[in-house]
Amino acid sequence: MVTVSAVVETDEDTPGLPLGDPFLRTRIVPPTLPATFLRRPRLVERLGPAPGTPLTLVNGPAGAGKTLLAADWAAGLGRPVAWLTAEAGDERPAVFWTYVLQALRGSGTPLRPALAVRPDAPGVDPRLLEALAAELCELAEPAVLVIDEFDRVTSPEVAEQLALVLRHAGPGLRLVIGTRTEPLMPLHGYRLAGRLTEIRAAELAFTREEAGALLDLHGLSLSADAVGALVDRTRGWAAGLRLCALAARESPDPEAYLKDFEADRSTVADFLLAEVLKGRSEEAQDLLLRVSVLTRFDPGLANALTGRIDAEPLLCALVRENAFVEALGHSSYRLHPLFREILRAHLRERLPALEPELHRRAARWLRRSGSLYETLAHSTAAGEWGFAADALVEDLAMGQLFTGLRSDDLVRLCSAMPPEATGTAPELVRAALDLSRYDLPRGLAHLRRAGEQLADSPASEAPEAQLGRALLEALAARLTGCPVRAERAAEAAERLRQEVPARLLEGHPEHGALLGTHLGSALLWAGRFEDARATLTSVAESSRSDSVALPLEESREHLALIDHLNGWPGRAERRVLAGAAGTEAEPPPEPGPGRADASAGPAPVPGLGLGPGLALGRIVLAAVAVDRDELDRARALLDETAQLDAATHDPVTSAGRALALGRLLLVEGHPRAAAAAAHPAVAAAVDSPWASGHEALVVSAAHLAEGRPEQAAELLGDVTPDHPAVAVEAARILLDAGRAEAAAELVDGIRAGGRAGPAVTVRAALVRAHVAEEAGDGDTARKLVAQALLDARRERLRRPFLDARPWIRHLLAVPPLRELAAGWLTPGPAAAAAPGAAAADPAPPLAVVGLSERERDVLRRLALMMSTEEIAADLYLSVNTVKTHLKGAYRKLAVNRRNDAVRRARELGLL
């Protein structure tokens, strides 16, 4: 505010304004810094005492801190500075230069008295400006001139005159301009010549550390999360932070106030409405109000909301004027978050019925442009649930409810669908949501209703809906253990693909990947391993992208289970870990029985680099750990899957966990608990031969452990050699139960070659060795045990030998066998292997599946207790991208929570 003492009337002999027109000396004096001002060294250093550029531009929106930054810098410069705060009247050249000359003289710049301008003159003589430039050029020390609020100077003539003086003053003038808009000066020339220093809105924004210090100056001590949330909401806008701080000081709980304050009912709203909205043209105000329903937009979408065609020039002007509209590139824009909040509240107050219509217009425009998520967001906001469901189904995007970066957001949007929304598409969406939550009764009911409605319409009119239904039918078949239903769904999908536009199929690879994974899982449940392997391999080998991450990982984990069930523990482990590391490691060719897999190399310790999926990867690794007698690791992995498994009701996952847990409890000495755990707690349309077979093995072994050999043998009466992994385990139990002949017959019936891996061949060799030992054929027994040791040591298969005690103990004491067992099965150094045999591999150290550099960056910030939003801002990433990196790190570290990720990373030396 101008005081009376600041107004001086001059007489006719004094250069200045005419008599009666006051000269405002406050305009040539820097403002006083408030007590709560925060000095920001990084910006002061950018201005610097001598940056080597004659022109410095400080350009930012209202309230960005331009004026106080310049004043703080000027105060610390250690020498006089000429200061001028521009006003609207300065568009008259004579008035502008009168004030410039007074500011220079007031700072002690020696200028001849003849350099004067009559402020009421119609113009300024160019010779005067040339003389001013010449005098400045002769100065021993350059004059420093700060012109604040230069956006008020709208005269091109004044801007040209100022550029002329700056150009010809040479080293004698340093000019600092503070402005909200681009000045009408040839900035490009200064920029190309390296003679321009620019400090713009992004640099003026407060960092989290600066915001915390500013709040401290206002007497507010807030948590790092609260400060980060406020900076995110204000985007570091100086005035917004200060106004929020002043309001929070009046609240009994400042942190709660800043978390939930209503921007439209605050002093921030008063400031923005007065400084930014007021004074704009009616067209600009209308545009701003209407686009406030959008998170980002381009001129075409803005025109759709206004019903006009002037959005592009209006938006360009708003960006130039720093009117809290940000240009994102590629003709895309967004509003400042606080400004958007306030405008939306203003819209609801002024035009309460308009917002739903704006959402409706946006949804239709976005639908035509192919922006699915934004279409759904706006159509649901408008209450047009049928339109939203149709868009999801007709775009062939049902699979995005299950996989992809936006799946959680889509589920959140669609979960709010009211029961009043009817039709085929809403029923399909409801079915997808229920099946994704494993709510089978509701999901199947919605799927049945959708099928009935589709049956009443010609198939040619709704191929996308039919294809979406086929995907859900495949999922339902998987969850109910019905391979016939899954195959029917796959056949229908293959037929319907011919009727759907190719662009939809190419744009949604997740549809086929999900369907293939569901089919493969159902075939695996039915024991059709080769059919399941072919289907799952086609998915696992498809191209990688975010939209297919989940089905690719699930397919790999199912393939790993097949490997394990076929007796290839190392291969199963590597497949899980390779998938977690984001690589496609093709398993080596499967060698025949009785030969070591020389190409496989030592397998890493399980438990690292795991994917979420349905926890199947963890379960496979737990089963491998049991085979290797790594019981603590197996227990830890199964404990991690306990809650996940209870929530999924997936037959394959449940049976796999029951198998691993039952075997673990057996070797831990809990036969009754093992028998109870071995039964998968799911209902299925058909029995699974491998699940039933392994359940019988665990229950039979439990009977044997409790001294009931007859019951144990009776349970295995239906076991056949068709499933080698089950047959060799059954043979061992029969042998221990005193049924040597039945055991030998069962093992001899297993076909040579085929898919059986070392876990099968080792157990088969040990059964035959036991039979030979009991028959008194020691030589044959020793040869068979030697073969088993050679096959087992590369895989570190300890459990088959531990299960064979006590009969095998004396054989392992024989020198040739003792050397083969030493170092990995029994204590002592490993001796050299026999000629032609692979050397025994030492137990490998803990293998760390590689984190990407960006995942490590995110993990380091996680250890500093930074929120997801803070990490995103610190790394200049979107929040969704940070979430993706976090999921990748969790997967690779085999954890589900932030604290566990930090702990595991520290254990592994990654932090």
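Predicted model, so just to flag it, every value in this text is computed and none were measured.

Rules used throughout
- Residues numbered from 1 in each chain as written.
- Predicted model: local features only at pLDDT ≥ 70, side-chain atom pairs only at ≥ 80, totals over all residues.
- Heavy atoms only, no water.
- Helix = DSSP H or I, 4+ residues; strand = E, 2+ residues; numbered from the N terminus.
- Buried < 20%, exposed > 50% of the residue type's maximum accessible area, 1.4 Å probe, protein only.
- Contact = heavy atoms within 4.5 Å.
- Expected span 1.5 Å × (residues − 1).
- Pairing = 2+ DSSP bridges.
- Axes fitted to C-alpha atoms, helices over the stretch in contact; angles between N-to-C directions.
- Patch = residues over 30% accessible without salt bridge, like charges linked within 9 Å, V, L, I, M, F, W, Y side chains within 5 Å.
- Areas by Shrake-Rupley, 256 points an atom, 1.4 Å probe, with all protein chains shown as cover.
- Salt bridge = Lys/Arg side-chain N within 4 Å of Asp/Glu carboxyl O.
- Lys, Arg positive; Asp, Glu negative; His and termini not counted.
- Charge placed at Lys NZ, Arg CZ, Asp CG, Glu CD.
- Phe/Tyr/Trp six-rings, centres within 6.5 Å; stacked < 30°, edge-to-face > 60°.
- Arc of directions from axis to C-beta.
- Parallel < 35°, antiparallel > 145°, perpendicular 65-115°, else oblique.
- Left-handed = near helix turned anticlockwise from the far one by under 90°.
- Nonpolar A, V, L, I, M, F, W, Y, C, P; charged D, E, K, R; others polar.
- Polar contact = N/O pair within 3.5 Å; in protein donor to acceptor, adjacent residues only side chain to side chain.
- Core = buried A, V, L, I, M, F, W, Y, C linked by side-chain atoms within 4.5 Å.

### Points about the overall build of the chain
Right, on to step 1. Broken down by element type, the chain carries 46 helices and 9 strands.
Right, on to step 2. The 911 residues of the chain split such that 54% are buried.
Right, on to step 3. Considering only contacts in the chain between residues 6 or more positions apart, those separated by 24 or more positions represent 70%.

### A few points about helix α21 (residues 424–436)
Right, on to step 1. Given a rise of 1.5 Å per residue, 13 residues ought to cover 18 Å, and the 18 Å separating the end C-alpha atoms of α21 matches this to within 8%.
Right, on to step 2. When you tally the buried positions in α21, you get 12 out of 13 residues, the bulk of the element.
Right, on to step 3. Restricting attention to buried positions, one finds in α21 the residues T424, A425, P426, E427, L428, V429, R430, A431, A432, L433, D434 and L435.
Right, on to step 4. Where α21 is buried, its residues contact α19 (385–394), α20 (407–414), α22 (440–455) and α23 (463–480).
Right, on to step 5. Y438 lies just past α21 and shows a positive phi near 60 degrees.

### What about unusual backbone geometry?
Right, on to step 1. Its identity as a non-glycine residue notwithstanding, N322 has a phi of 50 degrees, on the positive side.
Right, on to step 2. For N322, the location among the structural elements is in the loop between α15 (311–320) and β8 (325–329).

### Observations concerning the sheet that holds strand β7 (residues 196–199)
Two modes of strand pairing occur in sheets, parallel and antiparallel, and in both the strands are linked by backbone hydrogen bonds.
Right, on to step 1. The strand order across the open sheet built from 5 strands is β4-β5-β6-β3-β7, with neighbouring strands paired in parallel fashion. The open sheet has two edge strands, β4 (82–85) and β7, and neither has a second partner. Strand-to-strand twist of the sheet, defined as the mean angle between neighbouring strand axes without regard to direction, takes the value 15 degrees.
Right, on to step 2. Here 5 bridges tie strand β3 (residues 55–59) to strand β6 (residues 173–179), and the two strands are oriented parallel to one another. Considered in β6, the bridge of V58 is made with G178.

### Here's the deal with a negative patch on the surface
Right, on to step 1. A contiguous patch of negative charge, built from D225, D253, E255 and E869, is present on the exposed surface.
Right, on to step 2. One can find D253 in the loop between α10 (238–249) and α11 (254–260).
Right, on to step 3. On the basis of relative accessible area, D253 is assigned to the partly exposed category, the value being 41%.

### Digging into the packing of aromatic side chains
Right, on to step 1. Tallying each qualifying case throughout the model produces 7 aromatic pairs.
Right, on to step 2. A ring pair is formed by F297 and Y333, whose centres lie 6.3 Å apart and whose planes are at 20 degrees; its orientation type is stacked. A residue pair is termed long-range when its members are at least 10 positions apart, and F297 in the loop between α13 (282–291) and α14 (299–306) and Y333 in strand β9 (residues 332–335) qualify at 36 residues. Of the two residues examined, F297 and Y333, each falls in the buried class.
Right, on to step 3. Ring centres 6.3 Å apart and planes at 80 degrees place the aromatic pair W525 and W690 in the edge-to-face group. Of this pair, W525 sits in helix α26 (residues 509–525) while W690 sits in helix α34 (residues 689–705), and the two are 165 residues apart along the sequence.
Right, on to step 4. Joined through ring pairs, the aromatic side chains of W237, F271, F324 and F339 make up one cluster.

### A look at the pairing of β7
Right, on to step 1. What you see with β7 is no split at all: L196 and E198 on one side and T197 and I199 on the other are buried throughout.
Right, on to step 2. Note: β3 against β7, 4 bridges, orientation parallel. Pairing of L55 across the sheet is with L196, part of β7.

### With respect to helix α4 (residues 126–137)
Right, on to step 1. For α4, which comprises 12 residues, the first-to-last C-alpha distance of 16 Å matches the rise-based estimate of 16 Å (1.5 Å per residue) to within 8%.
Right, on to step 2. Among all positions of α4, only L128, L129, L132, A133, E135 and L136 are buried. Angular distribution of buried residues about the axis of α4 spans 165 degrees; they occupy a single face of the element. Of the exposed residues in α4, those oriented more than 90 degrees away from the buried face are P126 and R127.
Right, on to step 3. Its buried side turned inward, α4 meets α3 (93–106), β5 (143–148), α5 (156–169) and β6.

### A few points about the environment of G240
Right, on to step 1. Tracing the backbone shows G240 in helix α10.
Right, on to step 2. Accessibility expressed as a relative area gives 0% for G240, which makes it buried.
Right, on to step 3. Here the alpha-carbon distance between G240 and A269, two residues 29 residues apart in the chain, equals 9.4 Å.
Right, on to step 4. When near neighbours in sequence (up to four residues on either side) are disregarded, G240 contacts T234 and V268.

### A word on the pattern of salt bridges
Right, on to step 1. Within the structure shown, the criterion is met by 66 salt bridges.
Right, on to step 2. Across the salt bridge formed by E326 and R235, the nearest N and O atoms sit 3.6 Å from each other. Residue E326 is located in strand β8, and its partner R235 is located in the loop between α9 (224–234) and α10; the two are separated by 91 residues in the primary sequence.
Right, on to step 3. By relative accessible area, E326 is classed as partly exposed at 33%.
Right, on to step 4. Across the pair R406 and D409 runs a salt bridge, and its minimum N-O distance is 3.2 Å.
Right, on to step 5. If you follow the salt bridges from partner to partner, you end up with D627, R663, E729, R732, D736 and R763 in one network.

### Some points on the pairing of β6
Right, on to step 1. Buried residues dominate β6, accounting for 7 of its 7 residues.
Right, on to step 2. Here β6 shows two buried faces, one formed by L173, L175, I177 and T179 and the other by R174, V176 and G178.
Right, on to step 3. For β5 and β6, the ladder comprises 5 bridges, and the chain directions are parallel. Paired with A143 across the strands is L173, a residue of β6.

### Here's the deal with the packing of helix α28 (residues 549–565) against helix α32 (residues 651–667)
Right, on to step 1. Where α28 meets α32, the closest approach of the two axes is 12 Å, and the angle between their N-to-C directions is 40 degrees. Overall, the two elements α28 and α32 adopt an arrangement that is oblique. Crossing angle aside, the handedness with which α28 passes α32 is left-handed. Contact residues: H558, L561, H564 and L565 in α28; V652, L659 and R663 in α32.
Right, on to step 2. Split into classes, the residues belonging to the contact of α28 with α32 amount to 4 nonpolar, 2 polar and 1 charged.

### Here we look at the side chain of D563
Right, on to step 1. With respect to the secondary-structure elements, D563 resides in helix α28.
Right, on to step 2. A polar contact of 3.5 Å, which involves the side chain of D563, links it to the side chain of R533.

### Regarding the packing of α10 against helix α12 (residues 267–277)
Helix-helix packing is characterised by the crossing angle of the two axes and by the distance between the axes.
Right, on to step 1. α12 packs onto α10 with a crossing angle of 145 degrees between their chain directions and a minimal axis gap of 9 Å. Two secondary-structure elements touch here, α10 through A239, G240, L243 and C244 and α12 through T267, V268 and F271.
Right, on to step 2. Tallied by class, the residues present in the contact of α10 with α12 amount to 5 nonpolar, 2 polar and no charged.

### A short note on the nonpolar core
Right, on to step 1. Counting residues in each nonpolar core, the largest one holds 92 residues, and the members touching the most others are L392, M398, V429, L472, L524 and W690.
Right, on to step 2. By residue number, the principal contributor to this core is α23, which donates 10 residues.
Right, on to step 3. Leaving out residues up to four positions away in the same chain, M398 has contacts with L392, V393, L428, V429, A432, G468, L471 and L472.
Right, on to step 4. Of all hydrophobic cores here, the second largest spans 55 residues; its members include A226, V268, V276 and F339.

### Some words on the environment of A121
Right, on to step 1. With respect to the helices and strands, A121 occurs in the loop between α3 and α4.
Right, on to step 2. Looking at A121, the relative accessible area reads 28%, which means it is partly exposed.
Right, on to step 3. Residues A121 and P93 lie 28 residues apart in sequence; the distance between their C-alpha atoms is 8.7 Å.

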